[in-house]
Amino acid sequence: MPVVASPRRLTRTQPAGDKGELILRAATKLFARRGFFNTQVADVAREAGIAAGTVYLYFKSKDDLLISIFERTMGQGMDEVRRALTDVTDPVERLRVLARLHLSRLGADRDLAVVFQVELRQSIKFMEHFSSSLLQDYLHTLRDAIGDAQRAGRFRREVSATFAAKALFGALDEMATNWVLSRKRSALAGQADDVVTLFVNGMKL
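Given the structure is predicted, the values throughout are model-derived calculations rather than measurements.

A. Region of interest: the environment of Arg185. On the secondary structure map, Arg185 appears in the loop between α9 (161-182) and α10 (192-203). Remark: the alpha-carbon pair of Arg185 and Gly107, spanning 78 residues in sequence, is separated by 9.7 Å.

Okay, structure coming up:
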């Protein structure tokens, strides 16, 4: 998913050691553990070990921090997806790869998972922005794999590929939310294959 470069916005092409990346890591931790609305920019600066004014050299506001966490994570995730799918031609296997990457990224960082599954959903404004932007690229990737399976005669064609993509995303999303809220210690990524198998069985001719 592309992220538009800005002098005040961290982009995913910046090195991992960049101060902007340090700020985003601190913001992710605090938003997850204190809540977005209970965290101030000054709190993020203290967590990052920098002056409060330095945050504003990279981000316009606390809202901008949250948006940047989403954009960075989705941008990195879609880059990973494109690399992982380079040589995968089977549409069902593509769905499995997508599901594993989806859950493994969130399962590897509980703070990030809390931000994505809980904090990002506290505001209609944020949800509208995210639903109409970067998330669409991910849904289109799911839709394309489902459409290819339909054209190959492996999935029922009377079901809209767009509808099916949203249903699969919803199932994966619920697994991630349940994992966060239950504080399970099991590997989240381990649920990916079961979700896809259930979906595939429901879509078979």
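Now that the structure has been shown, the text picks up again.
B. Fine view of the nonpolar core. Counting residues in hydrophobic clusters, the biggest one holds 65 residues, and the most contacted among them are Leu65, Leu95, Tyr138, Leu142, Ile146, Phe155 and Phe199. For this core, the secondary-structure elements that each account for two or more residues are α1 (19-34), α2 (41-48), α4 (62-84), α5 (91-107), α6 (110-117), α8 (134-151), α9 and α10. Looking at which element gives the most residues to this core, the answer is α9, with nine residues. Those residues in contact with Phe199 that sit more than four places away from it in its chain are Leu95, Ile146, Phe155, Ala164 and Leu168.

C. Spotlight on the packing of aromatic side chains. Tallying each qualifying case throughout the model produces six aromatic pairs. Geometrically, the ring pair formed by Phe36 and Phe37 is edge-to-face, given 5.2 Å between the ring centres and 75 degrees between the ring planes. Judged by centre distance (6.0 Å) and plane angle (85 degrees), the ring pair of Phe155 and Phe199 falls under edge-to-face. Taken together, the positions of Phe155 in the loop between α8 and α9 and Phe199 in helix α10 put the pair 44 residues apart, joining distant regions of the chain. Assessed through its relative accessible area of 1%, Phe155 is described here as buried. Its relative accessible area of 12% is what places Phe199 among the buried residues. One aromatic cluster is present, built from ring pairs that chain together Phe31, Phe36 and Phe37. Directly above the ring of Phe36 sits Lys62, whose terminal nitrogen or CZ lies 4.5 Å from the centroid. When the ring centre of Trp179 is taken as origin, the NZ or CZ atom of Arg110, which lies over that ring, is 4.1 Å away.

D. Up close: the side chain of Thr28. Mapped onto the secondary structure, Thr28 falls in helix α1. The exposure class assigned to Thr28 is buried, which follows from its relative accessible area of 4%.

E. Region of interest: α8. For α8, spanning 18 residues, the distance from its first C-alpha to its last is 26 Å, which sits close to the expected 26 Å at 1.5 Å a residue. Burial in α8 covers these residues: Leu134, Leu135, Tyr138, Leu139, Thr141, Leu142, Ala145, Ile146, Gly147, Ala149 and Gln150. Positive phi appears at Gly153, one or two residues downstream of α8, with a value of about 80 degrees.

F. Structural view of the environment of Leu101. Tracing the backbone through its elements, the reader meets Leu101 in helix α5. For Leu101, a relative accessible area of 17% translates into the label buried. For the pair Leu101 and Ala189, spaced 88 residues apart in the sequence, the C-alpha separation amounts to 7.6 Å.

G. Structural view of the pattern of salt bridges. Under the definition given, this model contains 16 salt bridges. With a shortest N-O distance of 3.4 Å, Arg100 and Glu93 are connected by a salt bridge. By relative accessible area, which is 32% here, Arg100 ends up partly exposed. Salt bridges linked by common partners bring Glu21, Arg25 and Arg72 together as one network.

Basis of the calculations
- Residues numbered from 1 in each chain as written.
- Predicted model: local features only at pLDDT ≥ 70, side-chain atom pairs only at ≥ 80, totals over all residues.
- Heavy atoms only, no water.
- Helix = DSSP H or I, 4+ residues; strand = E, 2+ residues; numbered from the N terminus.
- Core = buried A, V, L, I, M, F, W, Y, C linked by side-chain atoms within 4.5 Å.
- Buried < 20%, exposed > 50% of the residue type's maximum accessible area, 1.4 Å probe, protein only.
- Contact = heavy atoms within 4.5 Å.
- Phe/Tyr/Trp six-rings, centres within 6.5 Å; stacked < 30°, edge-to-face > 60°.
- Lys NZ or Arg CZ within 6 Å of the ring centre and 35° of its normal.
- Expected span 1.5 Å × (residues − 1).
- Salt bridge = Lys/Arg side-chain N within 4 Å of Asp/Glu carboxyl O.

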